[in-house]
Structure formats: structure tokens, C-alpha cells
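The chain contents come next:
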Amino acid sequence: MTRRPANDPAHLPEQADVKPILLMVNLIVAAVYFAAIAFWFPHGSSTIVFGIFLAGEIFHLWQLATYLYTVWGAPPEHPFDATLDPAVDIFITVAGEPVDLVAKTIAGAQRQDYAGEVRVVVLNDGLVAGKENWHDIELLAARMGVACITRTEPGGAKAGNVNHALRQRSAPLVAILDADHVPEPQFLSRTVGYFCQDRVGFVQSPQYYANHGKNYVTGGAWEQQDLFFGPILTGKDRTGSAFMCGTNVVIRRTALDEVGGLCQTNIAEDFLTSLFLHERGWQSVYVPEVLAKGLAPEDFLSYYKQQHRWARGSLEVIFKYNPLLRRGLTWGQRIQYLASASYYLTGAVVLMNALLPLLFFFAGITVFTISTNALAAVFIPYICLSLYVLQRSSAFSYTFRALAFSTGSFWLQLSALAGVLTGRRTAFAVTSKQQLSGSFLHLVVPHLLYLAATCLGLGIAVARDGVTASVVTNGSWAALTCVLFLPMIYAASPGRTKAAAAAQRPHLTVVDQAA
């Protein structure tokens, strides 16, 4: 039994480069900022508005504290046995994706550099999903010499598709690949060895978007993923909290059987199934290496739907399966699951922060009655140090576009939150693997309205008060929000999906394989 070398060239640049003293200073500065705004600065004209603002700052402090907790410490080293070679079923989930795309994934699964038996199985949900090419997928599987299981009765979406296949297969390990995620030849040889520990339930590798440079949307989608599959998931691995991400994962069959298969009651089936496995005492491993190459959504509508699905599924975990109340989880796991799920509450806080300047412009309502210099004295060190730690922990790969896409997703996150609170059903939808054309500006109407309200409100405030410090401060805050909304408006505008993205070196190291 050996341990994987930390300097493996296919690994992510390590996130443990951040010194603990820097993280501690960041937390102290954040606490000073919060104490100043909560207890030292005189409150403004509305107690209710101040209370809402304070609630948002508490949420920001929670996000910062959990991020610092996540990146605190060196990445873990898991035992690895390179001689382990049990039989593996590779499940390729298909629901109407193009035949040529599925063929590439099948070919990658067949080229595994792995000593054990590999059984490639196409899980064809095209018939129950009403896709015209479902029979073409069957013919493709037969032509390429792999098994194909076509469901004739729907239920459970992707999770139901996998669970249906589990009842017909028996390999001790199951690998799950989305139709567009082509595995590298070393996919199994780099993951299976971690199952030398009897309680390892699953091994997850990153979702890498091979088309990240195609256009503005794919670039933004990848840059968001880069942060998650870099320092965040590596840090979760340290606390035993890495979770499945739907594809590029290998799962122990007995672990899945113990929790009744993939969860079919949540559209984020991977996230919730991971929680069930962890609370049963099963362990997880995250391998920060590119072992499969997939496709990012290539248009804004597909991106929007994907993000909404993730938000809806994660928020349901808070309200229906709150990690703090799950007895089988460690406290570290509870914190990590809650941190991941609560990220999608960010939309409510973004809206609150965006509305504060407008309340001043139109109604003269203020949060504080202090000088701009006093506020800047505590806010600027707090925000600058937090951004520096974020960049340092991500090897300076986090981009403005990633920040803007995250901020600009506030409306879809609010929509997902409303769906959870009202119990509105949301169907599982496979992310389109073909670029859709047209204008998607209807998805960013709130952003456009905010830009218009800012211009109008700023004019009203200047006419009422003149160019005062309060007008400048609130105007600057509203302008920053507008700037953060612009990339998402740009991505939704007609023709933007065809505009080439600026060349970006991906944070994950990728070695191209021969076709």
C-alpha cells in the first residue's frame, strides 16, 4: 500500500499555501468590522432597515468563517493501493444527448488503463424522456460492443436511471459518467486504489469543462467551477465532507445499497446521497486531478437552468434535511454541508445590499449616521484582506467574471428559494449539450431594472441633497453593484455565446489524450 505523491503533476496547485496566521488575522479583522457596524456606529433612520442589513452582514461573516475553516490546513493524504483491481461497472447516463458525443464517452470508458474487469453500460433514458434519438443510442451501444439499458418506465430522473441499472448489475464498484464527460485512460487507476480502506464509500474527481474557452458563458461557468473544485472541495476532503458531484465519481456498491441507492426525492441527488452516506459512517475521498473532460453550458439559458437546479436542490437540504440535525454526521461535516447549501441564500443578501442605496436615493433612509472615512477605516481592510485570502487560497485564479456570475445569480437563487418555501415542484432537466441561440435578456430583467433605478435614484438624490458624502457613498455602492451585474447582462445578450472568451489558463492541469 502506498500514498499518492503530493507533487503529482496532474494535481491541483495546493491550496495549503495560505498561512494559518493570515487566516486568523482575516477572521479578527472581519470580527472588528462586524463589531463596529453592530455596536459602535450610530444607527440610521430606520431600525428595520438596519436589522436587515445586520442580518446580511452576519451571513457574510458565516460565509467567511466557513471558507477560512475549509482552507485551514494541508490537503489530506489517503491510503492508496495501486494493486487493487475489482470489477467496475461504468454507467454512462444518457437522456437525449447527441449520438456522436455519447460515442466519445463510450470510447473513453473502453480505453481504461486498468487491470480489473471493466463493464461499460449505457443507461438510456431517452425513451422515457421522449427523445427522438433513443433508439440511435441503442444502436450505438450495440455497434461499440457495450451494454445498453433502456428504461421503459420513468421515475426518479437521473437517480432513477442509475438505481434501475443497479438492480441489473453486480460489480462491487460503480463509476458514473454524464454523457458528455469523456474519461481519461487513468480514470479508474487513479481512483479505485482508494477503496483499499473498507469504509471509503466514494471517490470524486473534478468536473472539468474542456470547452471553457469557447465563449463568454463557458468561460464564466468554468471559472466558478475552478474555485469549487480547487480549494473548496480539497478543504472539504480534509474534514471528511467531500460530496458527490453527479459525474466522474466511483462509488462502492455496498455503500449505495445501504442508503437505498441514489436519492430520488431531490433534484440534487448527488449532494443528498453523499449526506446520507456520511451519516452512515461511510468516508469520501476527493482526487484533485482532471480524470474526465466534460462540457460547460454553452449558452446563458442552459447555464441559468443548471444553476437554478443546483440552487433548488441545495436549498431543499437546509429546509428538509438540515445537516445540523443529522445525528450521524461529525460537527465538521455538519458545518461543511450547511455552508455548501446555504451558499444559495446569497441571492437574498445580494438583493438586500443592492436595495440599500436605492432606499437612500428615493426615501433618504440611511443605515448609519457616520462619516465615510470612519466606515472606510473598518470596511476596506476587511474586504481587501478577504479578497486577498480568497485569491491566495485559489492560487490567484479567481476572476472578476467568476465573482460577477456568482453575484449576478441572485435572482435565480431567489427563484429557487421561493420554490422551496412554497413547495413548487421543479423537474430535473439535463443541461443542453448543444448551444442555443437567441436573446436571453428576459432572464436578467431584474438586473436591467436595477441599472435604471440606480440612474434615476442617483439623479433624485443629487437634486435633493447635492453632492454630499452620503450621496457619493451610496452612489459608489450602487455603481459597484451595477458593475457586478454587467457581465451577466452581457452573457444574456444576443450573440454573446458566439463571442470568443479571452484565453484563460485553466487552474486544473490537463494532459490531452490521443483520440
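No experiment lies behind these values; they were computed from the predicted model shown.

Draft legend 1. Geometry of the overall build of the chain. Regarding its fold elements, the chain presents 16 helices and twelve strands. The C-alpha radius of gyration computed for the chain amounts to 24 Å, which stays within 12% of the reference 24 Å derived for 515 residues, consistent with globular compactness. Expressed as lengths along the three principal axes of its C-alpha atoms, the size of the chain is roughly 75 × 50 × 40 Å. When the 515 residues of the chain are sorted by exposure, 57% land in the buried category. Considering only contacts in the chain between residues 6 or more positions apart, those separated by 24 or more positions represent 86%.

Draft legend 2. Region of the structure containing the packing of aromatic side chains. This model, assessed by the stated rule, comprises 27 aromatic pairs. Residues Y343 and Y344 carry aromatic rings whose centres are separated by 4.9 Å and whose planes lie at 80° to one another, so their mutual orientation is edge-to-face. Chaining the aromatic ring pairs together yields one cluster made of Y216, F300, Y303, Y304, F405 and Y490. Over the ring of W282 we find R199; its NZ or CZ atom is 3.8 Å from the centre of that ring.

Draft legend 3. Fine view of the side chain of T247. Topologically, T247 is positioned in the loop between α6 (216-238) and β10 (249-252). Polar contacts involving the side chain of T247 include one to the main-chain amide nitrogen of D178, which spans 2.8 Å. Excluding residues that lie within four positions of it along the chain, T247 makes contacts with K158, I176, L177, D178, H181, Q204, S205 and Q207.

Draft legend 4. Focus on the pattern of salt bridges. Scanning the entire structure with this criterion turns up 13 salt bridges. Two residues, E117 and R119, come together in a salt bridge whose shortest N-O distance is 3.1 Å. Since its relative accessible area comes to 46%, E117 is described here as partly exposed. On the accessibility criterion, R119 (25% relative accessible area) is partly exposed. Linking E316 and R312 is a salt bridge whose minimum nitrogen-to-oxygen distance equals 3.1 Å. Here E316 pairs with R312, and both are found in helix α9 (residues 300-320), just four residues apart, close to one helical turn. Of the residues examined, R312 reaches a relative accessible area of 4% and is grouped as buried. A network of salt bridges, in which partner residues are shared, links D89, E117 and R119.

Draft legend 5. Fine view of the packing of helix α1 (residues 20-40) against helix α12 (residues 372-393). Close contact between α1 and α12 brings their axes to 9 Å; oriented N to C, the two are set at 150°. Here α12 runs roughly antiparallel to α1, going by the angle between their axes. Here the hand of the crossing between α1 and α12 comes out left-handed. Of the residues in α12, those in contact with L22, L23, V25, N26, V29, A30, Y33 and A36 of α1 are V378, F379, P381, Y382, L385, S386, Y388 and V389. Its residues assigned to classes, the contact of α1 with α12 shows 14 nonpolar, two polar and no charged.

Draft legend 6. How the structure looks around helix α11 (residues 346-363). If you check α11, its first and last C-alpha atoms are 25 Å apart, about what 18 residues at 1.5 Å a residue would give, namely 26 Å. All of the buried residues along α11 are T346, G347, V349, V350, M352, N353, A354, L356, P357, L358, F360 and F361. Buried residues in α11 make contact with α2 (47-71), α10 (331-342), α13 (400-408), α14 (410-422), α15 (445-465) and α16 (469-492). Two residues or fewer past α11, G364 is found with a positive phi of approximately 70°.

Draft legend 7. Just the sheet that holds strand β12 (residues 292-294), in detail. One open sheet holds the three strands; their spatial order is β7-β12-β9, and the pairing between them is mixed. Both outer strands of the open sheet, β7 (182-183) and β9 (208-209), are each paired with one neighbouring strand and no more. Relative to β12, β7 runs antiparallel, the two being bridged by two bridges. When the bridges of β12 are listed, P183 appears paired with A292.

Draft legend 8. View of the nonpolar core. If you look at the biggest cluster of nonpolar residues, it comprises 79 residues, and the most contacted ones within it are F53 and F91. No other element matches the nine residues that α2 contributes to this core. If near-sequence neighbours (up to four positions away) are discounted, F53 is found in contact with Y33, I37, M352, N353, L356, V367 and F368. Within the second largest apolar cluster, 32 residues are counted, among which are V88, V102, V146 and Y194.

Draft legend 9. Main features of the sheet that holds β10. The seven strands are arranged β5-β4-β3-β6-β10-β8-β11 in an open sheet whose pairing can be described as mixed. If you trace the sheet from one side to the other, it starts and ends with β5 (147-150) and β11 (283-286), each paired once. Direction aside, neighbouring strands of the sheet carry axes that sit 20° apart on average. Relative to β10, strand β8 (residues 200-204) runs antiparallel, the two sharing three bridges.

Draft legend 10. Broad picture of α10. With twelve residues, α10 should cover 16 Å at 1.5 Å per step; its first-to-last C-alpha distance of 16 Å lies within 8% of that length. Burial analysis of α10 places ten of its twelve residues in the buried class, the great majority of the element. In this fold, the buried residues of α10 make contact with α2, α6, α8 (269-279), α9 and α11.

Draft legend 11. Up close: the pairing of β5. Across four bridges, the pairing between strand β4 (residues 118-124) and β5 is parallel. Across the sheet, residue N124 finds its bridge partner in β5, namely T150.

Draft legend 12. Expanded view of the packing of α9 against α14. Axis separation between α9 and α14 bottoms out at 8 Å; the angle between their running directions is 45°. Between α9 and α14, the crossing angle belongs to the class labelled oblique. Judged by the twist between their axes, the crossing of α9 over α14 is right-handed. For the pair α9 and α14, contact is made by Y304, Q307, H308, A311, R312, L315, E316 and F319 and by W411, L412, Q413, S415, A416, L417, G419, V420 and L421, respectively. Residue composition of the contact of α9 with α14, grouped by class: ten nonpolar, five polar and two charged.

Reading the values: the criteria
- Residues numbered from 1 in each chain as written.
- Predicted model: local features only at pLDDT ≥ 70, side-chain atom pairs only at ≥ 80, totals over all residues.
- Heavy atoms only, no water.
- Helix = DSSP H or I, 4+ residues; strand = E, 2+ residues; numbered from the N terminus.
- Rg over C-alpha atoms; globule rule 2.2 N^0.38 Å.
- Buried < 20%, exposed > 50% of the residue type's maximum accessible area, 1.4 Å probe, protein only.
- Contact = heavy atoms within 4.5 Å.
- Phe/Tyr/Trp six-rings, centres within 6.5 Å; stacked < 30°, edge-to-face > 60°.
- Lys NZ or Arg CZ within 6 Å of the ring centre and 35° of its normal.
- Polar contact = N/O pair within 3.5 Å; in protein donor to acceptor, adjacent residues only side chain to side chain.
- Salt bridge = Lys/Arg side-chain N within 4 Å of Asp/Glu carboxyl O.
- Axes fitted to C-alpha atoms, helices over the stretch in contact; angles between N-to-C directions.
- Parallel < 35°, antiparallel > 145°, perpendicular 65-115°, else oblique.
- Left-handed = near helix turned anticlockwise from the far one by under 90°.
- Nonpolar A, V, L, I, M, F, W, Y, C, P; charged D, E, K, R; others polar.
- Expected span 1.5 Å × (residues − 1).
- Pairing = 2+ DSSP bridges.
- Core = buried A, V, L, I, M, F, W, Y, C linked by side-chain atoms within 4.5 Å.

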